[in-house]
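Survey of secondary and tertiary structure
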Amino acid sequence: MKIMSWLKEAWRKFLVTIKRRPQLIPLAVFVYAFLFYSLNMMYISDTTARIQGPGMGFAGFVTMLLSMLSFMCFLNAFPYRKKPNIPMLVLMFVMIAIIIFADNYYVNAIYAAVYREENPIIVTVSTIYIAYAEWYLRIHIGILIVAVVLTLLLPVYSKLLRKIKTSVEVEGNGEMDAIDISGEG
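The text that follows walks through the structure, step by step, so that each part is easy to find. All values derive from a computational prediction rather than experimental measurement.

1. Section: the overall build of the chain
For the chain, the count of helices and strands is seven helices and zero strands. The N-to-C order of helical and strand elements in the chain reads α-α-α-α-α-α-α. For the chain, the C-alpha radius of gyration of 25 Å lies well beyond 16 Å, the compact-globule estimate for 185 residues. With the C-alpha coordinates aligned to their principal axes, the bounding extent of the chain is approximately 100 × 45 × 20 Å. Buried positions account for 34% of the 185 residues belonging to the chain. In the chain, the proportion of contacts linking residues at least 24 apart, taken out of those at least 6 apart, comes to 78%. As displayed, the chain offers around 12600 Å² of accessible surface, 67% of which is attributable to carbon and sulfur atoms.

2. Regarding the side chain of T63
Turning to its location among the elements, T63 is positioned in helix α4 (residues 56-77). Judged by relative accessible area, which is 0%, T63 ranks as buried. There is a polar contact of 3.1 Å between the side chain of T63 and the side chain of D103. Discounting residues that sit within four places of it in the chain, T63 has contacts with Y37, I99, A102, D103 and H140.

3. What about the packing of helix α2 (residues 24-39) against α4?
One way to put it is that α2 packs onto α4 with a least axis distance of 11 Å and a crossing angle of 160 degrees. Between α2 and α4, the crossing angle belongs to the class labelled roughly antiparallel. For α2 against α4, the interelement crossing comes out left-handed. Contact with α2, carried on its side by P26, L27, F30, V31, F34, Y37 and S38, involves G60, T63, M64, S67, M68, F71, F74 and L75 of α4 and no other residues of that element. When the residues that make up the contact of α2 with α4 are grouped by side-chain class, the tally is 11 nonpolar, four polar and no charged.

Thresholds applied
- Residues numbered from 1 in each chain as written.
- Predicted model: local features only at pLDDT ≥ 70, side-chain atom pairs only at ≥ 80, totals over all residues.
- Heavy atoms only, no water.
- Helix = DSSP H or I, 4+ residues; strand = E, 2+ residues; numbered from the N terminus.
- Rg over C-alpha atoms; globule rule 2.2 N^0.38 Å.
- Buried < 20%, exposed > 50% of the residue type's maximum accessible area, 1.4 Å probe, protein only.
- Contact = heavy atoms within 4.5 Å.
- Areas by Shrake-Rupley, 256 points an atom, 1.4 Å probe, with all protein chains shown as cover.
- Polar contact = N/O pair within 3.5 Å; in protein donor to acceptor, adjacent residues only side chain to side chain.
- Axes fitted to C-alpha atoms, helices over the stretch in contact; angles between N-to-C directions.
- Parallel < 35°, antiparallel > 145°, perpendicular 65-115°, else oblique.
- Left-handed = near helix turned anticlockwise from the far one by under 90°.
- Nonpolar A, V, L, I, M, F, W, Y, C, P; charged D, E, K, R; others polar.

What follows is the structure, encoded as structure tokens:
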């Protein structure tokens, strides 16, 4: 029974944190997108080394660099207990657009190498990482789009989150009579 009460209290504290700082929701999605790309970088690096298309390495570098910088812009765009910093927010959206463009450029470079007329790259069991790289880049683009939508809808769902009741009911609160503060007695 203590575990259930502990879980209930932990959930209530989590909701209080989200109510106070709803920007943590899109931030968590941006962190997930960065980790997703970083942890699948092996497939992207192997694909770059195998295909050696023009600008593929640069596109991967731009994606990694701007992912970190856009994360920092997001943190600066929502200072604690202040209004959002609009220039940082705009800069973050520009960086994310460039990241999505770089990922799309990389996917198109994979297609160009696989479907070219002369000497196409054939994806076999030993080069399956090329298909994985293309698939993971598409997922990365999708995660980024979800994060952008969550950031844009932040004013909407932050108002909805504030309506969630997270106060703790204290027993005996309703039975209190007028408190004598005169010091007599």
